[in-house]
Amino acid sequence: MRKNIVAGNWKMNLNRTEGIALVEAVLSKLPVDNKTHVILAPSFVYLHKAAKICSNIPKVVAASQDCSANKKGAFTGEVSASMIASCSARYVVLGHSERRVNFNESNELLKEKVAQAFSSNLKVIFCCGESLKQREDLVHFDWLKSQISESLFHLSSDDFANIVIAYEPIWAIGTGVTASTDQAQEVHAFIRNLLVDKYGNEVAESTSILYGGSCHPKNAIELFSQKDIDGGLIGGASLNADDFVAITQSF
Ligand code: PGA
């Protein structure tokens, strides 16, 4: 059985005091019988503190929003996977469209980042998604296939168990325009089929595939009820504890 996961991507928001207050608010509002795997991805600056606060809470862990493609050394401003692991984070988000677009991250670079993450025993939330133009030009399936296959399909089945995929159509991120449930389910089923073809049913059926893009408490229940949608990667709504916790309970 694959996991239901809701991850909060805080992006470059909240100072340390605000960030820690949000971690505490989320934890205080999660029901005691919470069954969802919850991942919080705050800024590097207080990742360690956030991870420590979560460390005794079942099913709640911290993630970084990126990691370096290099192991160590003269890369001013970069943060390595081993540094992230030493802060007690368990996951790293890789390939978010904001990094692909604003920082020119290629499929090849992301392959290297995945390797770094795995070498420090971090699990990866791997983001993929098409632009509006690509969807209108009907090339989105080919695009998604290349994003996933070029960065991930060298992995063994065993390593793939440490991958969570997040489908985030760029046109839905932070825009208030959510993919319809049919659009999202169609892409999630496509991605799962790619995994069936490459790794077989067992891996495909045990990989969690999250939806991201203007997901909020009002649309999460319908999205998460779809056969191939196993949760969400939440941006804006993750900055509000009530909304984020409501989304975590939308299965
Ligand atoms: P959004 O962002 O929920 O604000 O659309 C999602 C994301 O970028 O991960």
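So, how was this worked out
Residues numbered from 1 in each chain as written. Predicted model: local features only at pLDDT ≥ 70, side-chain atom pairs only at ≥ 80, totals over all residues. Heavy atoms only, no water. Helix = DSSP H or I, 4+ residues; strand = E, 2+ residues; numbered from the N terminus. Buried < 20%, exposed > 50% of the residue type's maximum accessible area, 1.4 Å probe, protein only. Contact = heavy atoms within 4.5 Å. Areas by Shrake-Rupley, 256 points an atom, 1.4 Å probe, with all protein chains shown as cover. 1 Å grid on protein atoms, 1.4 Å probe; cavity = no way out; pocket = protein on both sides within 12 Å on 5 of 7 lines; lining within 4 Å. Points joined across faces, edges and corners; volume = space filled by probe spheres on them. Nonpolar A, V, L, I, M, F, W, Y, C, P; charged D, E, K, R; others polar. Polar contact = N/O pair within 3.5 Å; in protein donor to acceptor, adjacent residues only side chain to side chain.

Q: Mind showing me how you'd approach the overall build of the chain here?
A: Helices and strands together make up the secondary structure of the chain, namely 12 helices and eight strands. Each principal axis of the C-alpha atoms in the chain carries an extent, and together these give about 45 × 45 × 35 Å. The 251 residues of the chain split such that 51% are buried. If you take every contact in the chain between residues at least 6 apart in sequence, the share linking residues at least 24 apart comes to 72%. Summed over all atoms, the accessible surface of the chain reaches about 11500 Å², with 52% contributed by carbon and sulfur.

Q: Is there a simple way to think about empty space enclosed by the protein in this case?
A: Taking a probe equal in size to a water molecule and rolling it over the atoms shows the remaining empty space. Scanning the entire structure with this criterion turns up one cavity of 30 Å³ or more. By volume, the largest cavity is sized at about 30 Å³. When the residues that make up the lining of the largest cavity are grouped by side-chain class, the tally is three nonpolar, four polar and two charged.

Q: What should I look at first to understand the environment of Lys 113 in this one?
A: Mapped onto the elements, Lys 113 comes out in helix H5 (residues 107-119). Each C-alpha atom of the pair Lys 113 and Ser 151 lies 9.2 Å from the other, and the pair is 38 residues apart in sequence. Sequence-distant contacts of Lys 113, defined by excluding residues within four places in its chain, comprise Asp 66, Cys 67, Ser 68, Ala 69, Leu 94, Arg 99 and Glu 105. Side chain to side chain, Lys 113 and Asp 66 meet in a polar contact 2.8 Å long.

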